[in-house]
Amino acid sequence: MTRTILVILVSCVPLAAQSHQLSVAAGYNYQNSDQGNGVRVNLNGWFASAQFDFNSTVSLSAEADNYYGFLRGVGVSQQNFIVGPQFTFRPDQAKFRPFVYTQAGDQRSASSGSTDHSFNLQIGGGIQIKLSQRSSLQITPAEYTLATPNHMFTHSYSAKVGISWTLWEQESN
């Protein structure tokens, strides 16, 4: 998986002059979480991410997200630490910019004093709505998560909304 991500990123690195930027985002997330064995629970939480844009289309994103809730009166939590490429369509100046992404990493799940780490793959898409020169509303209405806790496959679905801020921007010549 890591090799595939690196091949995609290296093949997309710009050869001509491009703009580069570093952004951070934070916001609320909701997940209909598969707990295995046909058990599902609704979890709420937050996310924080950093994104480096190689050009106006290809970015590398790293994200930490946290979900919390209760299953049959017992507290459930889940943290994801993931990284991967994001592809954004339409130029930086556009008011609406759709995007899709694939990220992979570690999922830490905890409940009743037990903790499990597993592989996590997230695939999603959404839209960025430009609010100002340096900020955007980021809406991700569709995210699918495949995880492997306790050596089984789980399938969860999420939605996110947050604000993205551009911290640094450089125009290359």
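Every value quoted in this text rests on a predicted model; they were computed, and no experiment measured them. Starting from 1, residues in each chain are numbered consecutively following that chain's sequence as written. Reporting of local features is limited, given that this is a predicted model, to residues whose pLDDT is at least 70; pairs of side-chain atoms are given and counted only at 80 or more, and all residues count toward the totals for whole chains, interfaces and linings. Processing note: side-chain calculations cover all non-hydrogen atoms of the structure and skip hydrogens and water entirely.

A word on the packing of aromatic side chains. A pair of Phe, Tyr and Trp rings is counted when the ring centres sit within 6.5 Å of each other, with Trp represented by its six-membered ring. The angle between the planes then sorts it: under 30 degrees is stacked, over 60 is edge-to-face, the rest tilted. For the structure shown, the criterion picks out four aromatic pairs. For the ring pair F52 and W168, a centre distance of 6.5 Å and an interplane angle of 20° mean the geometry is stacked. With F52 in strand β2 (residues 39–53) and W168 in strand β8 (residues 154–171), this pair connects stretches of sequence that are 116 residues apart. Residue F52 is classed as partly exposed on the basis of its relative accessible area of 27%. Relative to Y157, the ring of Y144 lies with its centre 5.7 Å away and its plane at 45°, an arrangement referred to as tilted. Taken together, the residues Y144 in strand β7 (residues 135–147) and Y157 in strand β8 connect sequence positions 13 residues apart. Chaining the aromatic ring pairs together yields one cluster made of F52, F54 and W168. Here, a charge over a ring means that NZ of Lys or CZ of Arg falls within 6 Å of the ring centre while also lying within 35 degrees of the ring normal. In this structure, K160 is placed above the aromatic ring of F47, and the distance from its NZ or CZ to the ring centre is 5.4 Å. We count a stretch as a helix when DSSP gives it H or I for four or more residues in a row; a strand needs E for two or more, and each element gets its number in order from the N terminus. Exposure classes here rest on a 1.4 Å probe applied to the protein chains alone. A residue is buried below 20% of its type maximum, exposed above 50%, and partly exposed in between.

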